[in-house]
Amino acid sequence: MKKISWLLIICLTLSALAGCARADESGEEMATLTQPEQIIPKDEVAEKEEPVDIDSADKAEEEPQVSEQPQIQEQPKDEPEEQETDTPQTTEKKQVVRESVPEGSQFDLYTLPSQPNHCMPLLDVVGTSLTFEELQKELDPKTSIVFRGKLNGKSTQYKMENYPIPHNETPILVQEVYYGNVKAGDVISYYEDMYVHLHDGEPVLHHYKGTKLLEKDQEYLFIVHNVGPLHEGGEDVYSTKDLFDRFVPISEVKTLQSKKELGKKEQRNLDALTYYYLGQRGEE
C-alpha cells in the first residue's frame, strides 16, 4: 500500500510539474503573440501618421500659393478684354460725316479715292454688254459719233431735274474722227454715271463696281450718242449704250491681238479697234 501511495504522489508531482511547464510555455507563447500585436500597430500608426502630417502640412502651405498664382496672372488678361468692349464706342466717334458737294463742283475723278456700289442705287446692268455688230446698228449719223479722243480737263458735277442722283460731265478732246458730225479739235461733253460726296470734308468718288475711269494722257476709242442737255442751261452730252465698257483704250490693241481666247467684251473691243482705229488707217 505504501508503494502504491508513493507512486501516486510521484505521478501527481510529475503531472503538476508538467502542467506548470506547459503553463510557462503557453505564457511565453502568449507573450510573444501579444507583444508583436501591441508593437506593430504602434509602429504602423507612427509611420503612417508622421509622413501624412508632413505631406499634408506641405500641401496645405503649397495649395494656397498655386491657387493664387493663376488669379494674379489672369488679372492683366482681363484688362484688355475690358478695353476691347470699349472699341465700339471709339468706332462710333469715328463715324464719317457725309455731305453733298455744291452743283457745278469740278474734280479730276481719276485722282479721287473711290467706293464702288456705295451710296449708289444698284441697277441690273449686267446684260447691257453689246456685241460690235449691235453697237453698229445703234449708230445714227445725226446723233452718233465715233472717234479717238482723250480726257481734256476736270469733270463737273450736276444734278438732273426730278432725279436725286448727281452725275458728272467730262470734257473729251476729239483727236481723230471715224463716224458722225464732229471734227478733230472739238471738245464734247461726256456723260459719267458717277458722283462725288464729301467724307469728313474730303471728296470720295462713288460709282458702279466694274466701271472704268478715264485716265489722264490715255487715248480711247469712243462710240457715243447725243442725249441732249441733262440740266438747265447745259450743253449737249454724249453717252454710251453700255454702262460698263463705255470706251476702249487704244493701248489694248496689241494685248487683245496676242490673246488666244477672248471673252465677249474683249472680242467686241478688238473688233471695234480693228474696224475703226486700225481699219480707217489702213492697218491690220
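Undergrad: Can you help me understand the pairing of strand E8 (residues 195-199) in this one?
TA: A regular strand places its side chains so that they alternate between the two faces of the sheet. Burial of E8 is extensive: 5 of the 5 residues sit out of reach of the surface. Where burial is concerned, the two faces of E8 agree: the one with Tyr195, His197 and His199 and the one with Val196 and Leu198 are both buried. Judged from the 3 bridges that link them, strand E1 (residues 98-100) and E8 form a sheet pairing that is antiparallel. The partner of Ser100 across the bridge, within E8, is His197. Relative to strand E9 (residues 202-207), E8 runs antiparallel, the two sharing 5 bridges. Across the sheet, residue Val196 finds its bridge partner in E9, namely Leu205. Here E8 folds back onto E9, and the loop between the two strands holds 2 residues, one of which, Asp200, carries a positive phi near 55 degrees.

Undergrad: Honestly, the environment of Glu134 in this entry has me stumped. Any pointers?
TA: Relative to the helices and strands, Glu134 resides in helix H3 (residues 132-137). Judged by its relative accessible area of 35%, Glu134 falls in the partly exposed class. Sequence separation between Glu134 and Arg268 is 134 residues, and the spatial gap between their C-alpha atoms is 9.7 Å. Engagement of the side chain of Glu134 in a polar contact is seen with the backbone nitrogen of Thr131, the distance being 2.9 Å.

Undergrad: What am I meant to see in the environment of Arg148 here?
TA: The topology assignment puts Arg148 in strand E4 (residues 144-151). With 101 residues separating them in the primary sequence, Arg148 and Pro249 have C-alpha atoms 9.4 Å apart. If sequence neighbours within four positions are ignored, Arg148 has contacts with Leu173, Val174, Gln175, Glu176, Tyr178, Glu219, Tyr220, Ile250, Tyr277 and Arg281. A polar contact of 3.0 Å, which involves the side chain of Arg148, links it to the side chain of Glu219.

Undergrad: Help me understand unusual backbone geometry, please; the structure alone is not making it clear to me.
TA: Peptide bonds are, in most cases, trans, and in most cases residues other than glycine have a negative phi. Positioned with a positive phi, Asp200 is a non-glycine residue whose angle comes to about 55 degrees. Checked against the element boundaries, Asp200 lands in the loop between E8 and E9.

Undergrad: I'm lost on the packing of aromatic side chains in this one. Help?
TA: Think of a pair of aromatic rings as described by two things: how far the centres are apart, and how the planes are tilted against each other in angle. This model, assessed by the stated rule, comprises 9 aromatic pairs. On the numbers, 5.1 Å between centres and 15 degrees between planes, the contact of Phe147 with Phe222 is stacked. Here Phe222 lies in strand E10 (residues 219-226) and Phe147 lies in strand E4, a separation of 75 residues in the sequence. Phe222 matches Phe147 in its accessibility class, with the two residues each being buried. When its relative accessible area of 1% is taken as the criterion, Phe222 is described as buried.

Undergrad: I keep staring at the pattern of salt bridges and nothing clicks. Help me out?
TA: Between side chains of opposite charge, pairing is possible as soon as their charged atoms come close. Enumeration according to the criterion identifies 5 salt bridges in this entry. Note that Glu219 is salt-bridged to Arg148, the shortest N-O span being 3.0 Å. In this pair, Glu219 sits in strand E10 while Arg148 sits in strand E4, placing the two residues 71 residues apart along the sequence. Among the ionic pairs, Asp186 bridges to Lys183, the shortest N-O distance being 3.4 Å. When its relative accessible area of 23% is taken as the criterion, Asp186 is described as partly exposed. When salt bridges that share partners are traced, they join Arg148, Glu176 and Glu219 into one network.

Scoring rules and cut-offs
Residues numbered from 1 in each chain as written. Predicted model: local features only at pLDDT ≥ 70, side-chain atom pairs only at ≥ 80, totals over all residues. Heavy atoms only, no water. Buried < 20%, exposed > 50% of the residue type's maximum accessible area, 1.4 Å probe, protein only. Helix = DSSP H or I, 4+ residues; strand = E, 2+ residues; numbered from the N terminus. Pairing = 2+ DSSP bridges. Polar contact = N/O pair within 3.5 Å; in protein donor to acceptor, adjacent residues only side chain to side chain. Contact = heavy atoms within 4.5 Å. Phe/Tyr/Trp six-rings, centres within 6.5 Å; stacked < 30°, edge-to-face > 60°. Salt bridge = Lys/Arg side-chain N within 4 Å of Asp/Glu carboxyl O.

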